[in-house]
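# Commentary on secondary and tertiary structure
The chain contents come next:
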Amino acid sequence: METIGNVWLWAGFGGLVVVALLVDLVLMRHGGAHKVTFKEALWWSLGWVALALLFNAGLWWYLHETAGAALANRVGLEFLTGYLVEKSLAVDNIFVFLLLFTFFGVPEEQRQRVLIIGILLALVLRAILIFVGAALLAQFHWLLYVFGAFLLLTGFKMWFAAGKEPDLEHNVVLRWMRGHLRLTDGYRGDALRVREGGAWAYTPLFVVLVLIGVIDVIFAVDSIPAIFAITTDPFIVLTSNVFAVLGLRAMFFMLAGMADRFHLLPYGLAVVLVFIGAKMLLIDVYKIPVLWSLGVVAVILAVTVALSLARPPKPLPGA
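I will try to describe carefully the structure that is included in this document. Each chain carries its own residue numbering, running from 1 in the written order of its sequence. Two thresholds apply to this predicted model, a pLDDT of at least 70 for residue-level local features and 80 or more for giving and counting side-chain atom pairs, whereas whole-chain, interface and lining totals are computed over all residues. Water and hydrogen atoms play no part in the side-chain values, which are based on all heavy atoms of the structure.

## Considering the side chain of aspartate 233
- Within the secondary structure, aspartate 233 sits in the loop between helix H7 (204-228) and helix H8 (234-246).
- Buried charge aspartate 233 goes without a salt bridge, the closest partner of opposite sign being arginine 74 at 6.2 Å.
- A polar contact of 2.8 Å, which involves the side chain of aspartate 233, links it to the backbone nitrogen of isoleucine 4. Secondary structure elements follow DSSP: runs of H or I of four or more residues count as helices, runs of E of two or more count as strands, with numbering from the N terminus. Buried means the residue's accessible area, taken with a 1.4 Å probe over protein chains only, is under 20% of the maximum for its type, while exposed means over 50%, and partly exposed covers the values in between. His is not counted, nor are the chain ends; Lys and Arg add positive charge and Asp and Glu add negative charge. A pair is scored as a salt bridge if a Lys or Arg side-chain nitrogen falls within 4 Å of a carboxyl oxygen belonging to Asp or Glu. Each polar contact in these results corresponds to two N or O atoms within 3.5 Å; when the atoms are within protein, one needs to be able to donate a hydrogen and the other to accept it, and residues that are neighboring in sequence are counted only if both atoms are side-chain atoms.

## Let's talk about a nonpolar patch on the surface
- Patches were defined on residues exceeding 30% relative accessible area and lacking a salt bridge, with like-charge contacts within 9 Å and nonpolar side-chain contacts (Val, Leu, Ile, Met, Phe, Trp, Tyr) within 5 Å. Every accessible area reported is derived by Shrake-Rupley at a probe size of 1.4 Å, with residue values counting cover from the shown protein chains alone. Side chains of Val124, Ile128, Val132, Leu136, Phe140, Trp142, Tyr145 and Val146 sit close together on the surface and give an oily, nonpolar patch of about 740 Å² of accessible area.
- Contributions of two or more residues to the nonpolar patch are made by helix H4 (111-139) and helix H5 (143-161).
- Here phenylalanine 140 is to be found in the loop between H4 and H5.
- For phenylalanine 140, a relative accessible area of 37% puts it in the partly exposed group.

## A few points about helix H2 (residues 38-66)
- With 29 residues, H2 extends 42 Å from end C-alpha to end C-alpha; this agrees with the ideal 42 Å at 1.5 Å per step.
- Here H2 has its buried residues at Ala41, Ser45, Trp48, Ala52, Phe55, Asn56, Leu59 and Leu63. Expected helix span is given by 1.5 Å per residue-to-residue step, counting one fewer step than there are residues.

## Observations regarding the packing of H4 against helix H9 (residues 248-255)
- Comment: axis = line fitted to C-alpha atoms, over the contacting stretch for helices; angle = value between 0 and 180 degrees taken between N-to-C directions. Look at H4 against H9: their axes get within 9 Å of each other, and the N-to-C directions meet at 145 degrees. H4 and H9 meet at a crossing whose hand is right-handed. On the side of H4, the interface is formed by Arg111, Gln112, Leu115, Ile116 and Ile119, while H9 contributes Leu248, Arg249, Phe252 and Phe253.
- For the contact of H4 with H9, the residue count by class is six nonpolar, one polar and two charged. Two helices crossing with the near one rotated counterclockwise from the far one by less than a right angle form a left-handed crossing, whereas a clockwise rotation gives a right-handed crossing. By definition, residues are in contact when any of their heavy atoms lie within 4.5 Å. Here the nonpolar group is Ala, Val, Leu, Ile, Met, Phe, Trp, Tyr, Cys and Pro; Asp, Glu, Lys and Arg are the charged ones; every other residue, Gly included, is treated as polar.

## Overview of the packing of aromatic side chains
- Pairs were defined over the aromatic rings of Phe, Tyr and Trp, the Trp ring being its six-membered one, requiring ring centres within 6.5 Å. Orientation was assigned from the angle between planes: stacked under 30 degrees, edge-to-face over 60, tilted for the rest. Under the defined criterion, the tally for this structure stands at 16 aromatic pairs.
- Ring-pair connections join several aromatic residues into one group, and the members of that group are Trp10, Phe13, Phe55, Phe79, Tyr83, Phe131, Phe235 and Phe243.
- Over the ring of tryptophan 200 we find arginine 193, and its NZ or CZ is 3.9 Å from the ring centre.
- Think of it as a cone above the ring: NZ of Lys or CZ of Arg counts as a charge over the ring if it is within 6 Å of the ring centre and within 35 degrees of the ring normal. Across from the ring centre of tryptophan 200, 5.0 Å away, lies the NZ or CZ of arginine 195, which sits over that ring.

## Looking at the pairing of strand S1 (residues 193-196)
- Strands are treated as partners if at least two bridges between them are detected by DSSP. Bridging between S1 and strand S2 (residues 199-202) involves four bridges; their strand directions are antiparallel. Bridge assignment links arginine 193 to a residue of S2, and that residue is tyrosine 202.
- Between S1 and the antiparallel strand that follows it, S2, lie two residues; glycine 197 among them carries a positive phi value of about 65 degrees.

## What about the environment of leucine 309?
- Here leucine 309 lies in helix H11 (residues 290-310).
- Judged by its relative accessible area of 43%, leucine 309 is partly exposed.
- Distance from leucine 309 to leucine 264, taken between C-alpha atoms, is 9.0 Å for residues 45 residues apart in sequence.

Shown next as structure tokens:
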């Protein structure tokens, strides 16, 4: 696997992520479980975006000084494009998370706990998938075509599924847990399981956490191939993915109350996936420059958001 990552870059990135997570866990959890306000979530979201951009700037400077401007510029654009794609696809996670919290009536003050654990699991999962994917691509170039076709199909599927809520009642994982686990009839504070009648019983909070983990597996399988269309360097793939996921919790609380206003965004994300899938399928015929990819993705998302705001969703009958 060809990569710009060396021992110092990996160590610096790892140290930065650990410190950022500790600061996030300590400061955002300050005062115990509480409802996160829009203002608080906005500042944290801006902070995570700023951290990602600062990391990219620092990486560009390091490569510019050690390997030259050409490599630094290319890597900087690849990171930025990958970060934008992964951040955009993460918005779809937020819509599903919000549906889950509403469906299970998760108390506002407990949502942070679930998202914290869910994001930590997501980081580990994505790291494993990225290294496995990079290793496979290094050995089997034809997998790029498989990934490209998969993204095309996913994009079309997302387009036709846009505007439709997932049927949680018939979710396979949820039905399995209801049939094989002893569940409590309500929440027990922030506990995931409690002893009742001499046996362990799992709370709805545990069920939500498991479903979030399963959902992230599904979204990771969709989104990680997308960034391999931009770069196959595992260092850039992992760092852009991690920085996109790190801010997911703050972004959830910021957008939770405005989800309906971005009702057309799933259509935009579907078009992005189709574009990236086509880019991957054409890679041996014509390699679309990274700057063009960045521009296309940015324009698609900007137009989708603008149309969402200009054309509010139609009210439900009887609303």
